[in-house]
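Single-letter residue listing:
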Number of protein chains: 2
Amino acid sequence: MGQYPWHSLLTIEEKSATPVYLQIANAIIKEIQVGRMKPGTKLPGVLVTSDLLKVNKKTVEKAYSELSLQRWINVTPKVGAFVSKDLPDRENRALQSPGAFNIAEKPHFDLEGQGIFQLPPLQRGNDIVFNDGFPDGRLIDHALVSRTYRSIVNLKSYRPLLSYTDPYGDGVLREVLANYLNETRGIKCSAENVMITRGSQMALYISMMLLLKRGDVSVVSDPNYLFADETLSYLQSKIHKVAVDKNGINIDKIEEVCKRDGVRLVYVTPHHHHPTTVTLSAARRMQLLKLAEKYRFAIIEDDYDFDFHYCHNPILPLASVDTEGSVIYIGSFSKTVSPAFRIGYMVASKKFIDEAASLRKIIDFQGDAILERTIAQLINQGELQRMIRKSLKEYGKRRDYMNDLLTTELAGALKFDKPRGGMAIWVTLAEGLRLDELSKAARKQNVSISDGRAYGNKNAFRLGFASLEPWEIGEGIRVLRDILMNVLKS
Amino acid sequence: MGQYPWHSLLTIEEKSATPVYLQIANAIIKEIQVGRMKPGTKLPGVLVTSDLLKVNKKTVEKAYSELSLQRWINVTPKVGAFVSKDLPDRENRALQSPGAFNIAEKPHFDLEGQGIFQLPPLQRGNDIVFNDGFPDGRLIDHALVSRTYRSIVNLKSYRPLLSYTDPYGDGVLREVLANYLNETRGIKCSAENVMITRGSQMALYISMMLLLKRGDVSVVSDPNYLFADETLSYLQSKIHKVAVDKNGINIDKIEEVCKRDGVRLVYVTPHHHHPTTVTLSAARRMQLLKLAEKYRFAIIEDDYDFDFHYCHNPILPLASVDTEGSVIYIGSFSKTVSPAFRIGYMVASKKFIDEAASLRKIIDFQGDAILERTIAQLINQGELQRMIRKSLKEYGKRRDYMNDLLTTELAGALKFDKPRGGMAIWVTLAEGLRLDELSKAARKQNVSISDGRAYGNKNAFRLGFASLEPWEIGEGIRVLRDILMNVLKS
């Protein structure tokens, strides 16, 4: 036993955070558990081990004592230390095999087609990234947000926020938000109709989970917001895609689906359709609400950019005139405060909100109580509204600038309408030009644009303007122009 | 038309954040949408309206112009303004009905039995709350956490963290955590095996969602961690409950279920069983791993309180000796940093982590990138470890104090073992005493304890000590003693 191969088993790391005696004990535990030290085996003596490992005798003693306390070994004074006989024998195996259980075999949902899951381009170093229409984090008054956050942390009433709170979200924010939505968007609701979520995506996920069984029919626009589609297909809904024209989604076509297959939910972005930025016309809004009443489906109204409208005032949401409780209204502060601060919300009947909270509890328990309280305070002090106005002014300029550049520099190569709101221009390439090739060529010159896959390869994409300064927009469009000019010439 | 009942329709609020012209426009839109103003109806003239509403003529003009821009009305100069004829007619209805679509009718999962969903008692004003075993937020160095947080916000590299990031979690934290888990817990993993989640609950939800189809068999201990049970039953798993004794869950009984029904996953809390605080014995650990290999089930190892162990060192997790990839290892920083900062993690095969990230993306996109980076930095600087040591010392004292008090003051009325770790003592009332009655009587004296429902009405409960100062523990136990003394006497 004296020549036990300690060295193959254990290298003592002097600088490790784990004390040496524990390194020894853990190495022996691992040997026992992987079956290289069998039950009943006598361990080498303390002196021999300390000599071989070049550590103090006390250290080895402490290791053995730890092993004994943890019941891996039995120590009989004057006889020696033995691997506990109570332990089951185990075959000797290598670590790190791929997994005994098979995830793909029986997943809760089919995981096929998940390959297209694809995040929009990230903001990177010196590149110019035309993203999908994200806000500009540089315009946000982070100092104000942190100051407010800290002022809440310093409150006496802060302590309860640090413990487990409420799956519905912070009670103060629910109250403030209900008032805010009444006042700014005409949505008649009280706190009990409001659940705070992490970003609007969680609200989408939860409402779709609650509404859909596998195979239930949902209707979306074509093209549609990528992550709404992804969520529906992950939940194995039968998805019907309905065309969008200049007045938004075609409601007559939705009715056809209702008659033919029965519809469980319709997902819409009425304010500015995502991705095409079109506003759902007044007539179609009313038609859609009537349809929901007639065929008893739920409308998920994703009002992701209510605050960003450059011409007249924003049109009030469907939820503001929903007399029948057909609408589940979803909004977010990610675009106004920051995408990193993920606070969204869902407004619906109390019954639906109660069910949503039950699901939310097992997903996540609760949100970020302190951050939620921060937002409540920013709203109450009018600061959120000021932040929105400031961003809106800047984004409006950027929209105009991009629109002018596209008109003067790229007429002929692409079609687009000046959007009345939002953070991106929906651009379709002229016939004969290929978006995937343009995207590839632009990448080589450090300019990122979508390759169009996110919206069904229609040779069209969202050219985000909000997160870029004018010089960045100019430089990026110059690169795109030069590439297209070469192609058009050749 | 002159006597249009404006006053029943609209009260102008001078102090509202919404400008007066928009209040007028929105009120008219609502009238149109709910069907009280029909398509083709002529609106009262500007002068009449301004007179009736006692507002400036310009304001009414602006309101009508807004309505026209939004296409709700058509204005013909010198003739008048008319509700657009393109709008569909709509019956006149009251707002606020309960919901046209029926959620309960076809939920994705049965929602029965959700009534028992019950949060542990919240921390409140002057009450003494013996919670389920939560940390004490007062011991946390919030100043340090905020300082670190702010230092990251001030970094140049901060900007990317403010935009959309990665559903796997912050790359830096994944690296740091993989090293930390290697070093402190012997878990051989690299960053690709790690996903950062919001608290351990999200890791539980995601792993269970991926593993289970409706009706799949899962095994848990009896009693068990409430929210693991709730998640499994929400997902409609067929749950088998297996008894726990002083060595932890009975593995032989698990094998019986494997033989009889086939098992898809086993949920365990080996370090300190939740709720009873028992440690899974060395022999049973090895037996469980062998069983997982033989019957190819997944082990979800919820190591929720690895850091809180008062006697010898913590026993290394099952995941550290899992040679077959059977173990999905779940941990959390909620108990070390703060429950309000919800950062947990999941360690598993790369394949499993990739699937988990796909699901996480539709639930939530991503976590709190800045907070995740904050934790990475706290680990790298050794601060997290210092915070743990500091809390551990204090919690150890509180455990001893509560244990001594229970022994001296309440012997005879209850049974318990001094826990070797964790944040609560598992207490069973003596025969003839009723926990629900004790809980009720204590509430009247502003002392909260569980009524036992959370753990299957076994007349047993977790008496949390970690979040209370010694005087609070003493005062609370005195109240419980006085109640029990009266009962025992009568």
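Cut-offs applied
- Residues numbered from 1 in each chain as written.
- Chains lettered and ligands numbered in written order.
- Predicted model: local features only at pLDDT ≥ 70, side-chain atom pairs only at ≥ 80, totals over all residues.
- Heavy atoms only, no water.
- Helix = DSSP H or I, 4+ residues; strand = E, 2+ residues; numbered from the N terminus.
- Buried < 20%, exposed > 50% of the residue type's maximum accessible area, 1.4 Å probe, protein only.
- Contact = heavy atoms within 4.5 Å.
- Areas by Shrake-Rupley, 256 points an atom, 1.4 Å probe, with all protein chains shown as cover.
- Arc of directions from axis to C-beta.
- Salt bridge = Lys/Arg side-chain N within 4 Å of Asp/Glu carboxyl O.
- Patch = residues over 30% accessible without salt bridge, like charges linked within 9 Å, V, L, I, M, F, W, Y side chains within 5 Å.
- Lys, Arg positive; Asp, Glu negative; His and termini not counted.
- Charge placed at Lys NZ, Arg CZ, Asp CG, Glu CD.
- Polar contact = N/O pair within 3.5 Å; in protein donor to acceptor, adjacent residues only side chain to side chain.
- Pairing = 2+ DSSP bridges.
- Axes fitted to C-alpha atoms, helices over the stretch in contact; angles between N-to-C directions.
- Parallel < 35°, antiparallel > 145°, perpendicular 65-115°, else oblique.
- Left-handed = near helix turned anticlockwise from the far one by under 90°.
- Nonpolar A, V, L, I, M, F, W, Y, C, P; charged D, E, K, R; others polar.

Asker: Quick rundown of the overall build of chain A? Include the residues and the values.
Answerer: Summing up its helical and strand segments, chain A has 16 helices and 15 strands in all. Counting across all 490 residues of chain A, residues that qualify as buried make up 63%. Across chain A, the fraction of contacts at a sequence separation of at least 24, relative to all contacts at a separation of at least 6, is 72%. As presented, chain A carries roughly 19,100 Å² of accessible surface, and 50% of it is formed by carbon and sulfur atoms.

Asker: Tell me about helix 10 (residues 251-261) of chain B, and please be specific about residues and values.
Answerer: Residues and elements named next belong to chain B. The complete set of buried residues in helix 10 reads Ile-251, Ile-254, Glu-255, Val-257 and Cys-258. Taken around the axis of helix 10, the buried residues stretch over an arc of 160°, which confines them to a single face. Of the exposed residues in helix 10, those oriented more than 90 degrees away from the buried face are Lys-259 and Arg-260. Tucked inside the fold, the buried residues of helix 10 contact strand 5 (217-222), strand 6 (238-245), strand 7 (248-249), strand 8 (265-268) and helix 11 (282-295). Gly-262, located one to two residues past helix 10, shows a positive phi value of around 75°.

Asker: How would you summarise the pattern of salt bridges if you had to cite specific residues and measurements?
Answerer: All names here are of chain A. Using the criterion set out here, one finds 60 salt bridges over all chains in the structure. Notably, a salt bridge pairs Lys-350 with Asp-354, separated by 2.7 Å at the nearest N-O pair. Of the two residues, Lys-350 and Asp-354 both sit in helix 12 (residues 350-364), 4 residues apart, roughly one turn of that helix. Its relative accessible area of 24% is what places Asp-354 among the partly exposed residues.

Asker: Describe a positive patch on the surface, listing the residues and the values that go with them.
Answerer: Taken together, Arg-147 and Arg-150 of chain A together with Arg-147 and Arg-150 of chain B make up a surface patch of like positive charges. Elements supplying a minimum of two residues to the positive patch: helix 5 (142-153) of chain A together with helix 5 (142-153) of chain B. Note that Arg-150 of chain B resides in helix 5. On the basis of relative accessibility, which here comes to 32%, the residue Arg-150 of chain B falls in the partly exposed class.

Asker: Which residues make up the side chain of Asp-302 of chain A, and what values do they have?
Answerer: Residues and elements named next belong to chain A. For Asp-302, the location among the structural elements is in strand 9 (residues 298-302). Looking at Asp-302, the relative accessible area reads 2%, which means it is buried. A polar contact is formed between the side chain of Asp-302 and the side chain of Tyr-267, at a distance of 2.6 Å. Setting aside anything within four residues of it in sequence, one finds Asp-302 in contact with Leu-204, Tyr-225, Tyr-267, Val-268, Thr-269, Pro-270 and Ile-330.

Asker: Account for the sheet that holds strand 15 (residues 460-464) of chain B, with residues named and values stated.
Answerer: All names here are of chain B. Taken together, the 3 strands give an open sheet; going across it, the order is 12-13-15, and neighbouring strands pair in antiparallel fashion. Taken across any chain shown, the strands that pair with only one partner, and hence form the sheet edges, are strand 12 (414-416) and strand 15. In this sheet, adjacent strand axes meet at a mean angle of 35° when their direction is disregarded. Each of strand 12, strand 13 (424-429) and strand 15 is contacted by helix 14 (residues 383-410), which is oriented at about 15° to strand 13, the strand it contacts most.

Asker: Quick rundown of the packing of helix 9 (residues 226-234) of chain A against helix 12 (residues 350-364) of chain B? Include the residues and the values.
Answerer: As a packed pair, helix 9 of chain A and helix 12 of chain B sit with axes 10 Å apart at the nearest point and diverge in direction by 125°. One element, helix 9 of chain A, and the other, helix 12 of chain B, form an angle in the oblique class. Along this stretch, helix 9 of chain A crosses helix 12 of chain B, giving a crossing that reads as left-handed. Residue-level inspection shows Phe-227, Glu-230, Thr-231 and Tyr-234 of chain A of helix 9 of chain A in contact with helix 12 of chain B, the latter providing Leu-359, Lys-361 and Ile-362 of chain B. Here the residues of the contact of helix 9 of chain A with helix 12 of chain B are counted per class, giving 4 nonpolar, 1 polar and 2 charged.

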